[in-house]
Amino acid sequence: MSNVLDAVPENFRVVVENVLSKRNPELLAALRSQDKPTEDQQLGVIDALADEFSEHLGPGQEPTEQGKLIDNALGAFLTTWPNEKLAG
């Protein structure tokens, strides 16, 4: 069975999984056990990655390379799971 995270491109999936394992392990476990995220779960991913992103800003509030990767991972997740694809 594939899960929510399997649909995200691998290079970004690793980032999402690492951030969620640190910031919201329960959400990570839920996403690994179902085939479609809920709206609340999507918001949880957004919150976790946004919080992590904010810790990776350099001079002038420009994102570091890790910050850019986190931002791109969030974009990949939202491209894979836009609102119209979410479970009810």
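Details of the structure are given in the entry above.
Residues numbered from 1 in each chain as written. Predicted model: local features only at pLDDT ≥ 70, side-chain atom pairs only at ≥ 80, totals over all residues. Heavy atoms only, no water.

It is worth spelling out the overall build of the protein at this point. On a plain count of helices and strands, the protein comes out with four helices and zero strands. Along the protein, from the amino end to the carboxyl end, the secondary structure elements read α-α-α-α. Against the compact-globule benchmark of 12 Å for 88 residues, the protein has a radius of gyration of 13 Å, which places it among compact chains. Reported as C-alpha extents along the three principal axes, the dimensions of the protein are approximately 40 × 25 × 20 Å. Looking at the 88 residues of the protein, the share that counts as buried comes to 36%. In the protein, 67% of the contacts between residues at least 6 apart in sequence involve partners at least 24 apart. In the form shown here, the protein has an accessible surface area of approximately 5100 Å², with 48% of it arising from carbon and sulfur atoms. (Helix = DSSP H or I, 4+ residues; strand = E, 2+ residues; numbered from the N terminus. Rg over C-alpha atoms; globule rule 2.2 N^0.38 Å. Buried < 20%, exposed > 50% of the residue type's maximum accessible area, 1.4 Å probe, protein only. Contact = heavy atoms within 4.5 Å. Areas by Shrake-Rupley, 256 points an atom, 1.4 Å probe, with all protein chains shown as cover.)

All right, on to helix 3 (residues 39–54) then. What sets the pattern is the α-helix's 3.6 residues per turn: residues three or four places apart point alike. With 16 residues, helix 3 should cover 22 Å at 1.5 Å per step; its first-to-last C-alpha distance of 22 Å lies within 8% of that length. Inspection of helix 3 places Gln41, Gln42, Gly44, Val45, Ala48, Leu49 and Glu52 among the buried residues, and these make up the whole buried set. One side of helix 3 holds all its buried residues, which, seen down the axis, span an arc of 160°. In helix 3, those exposed residues whose orientation departs by more than 90 degrees from the buried face are Glu39 and Asp40. Buried residues along helix 3 sit in contact with helix 1 (10–23), helix 2 (25–32) and helix 4 (65–80). (Expected span 1.5 Å × (residues − 1). Arc of directions from axis to C-beta.)

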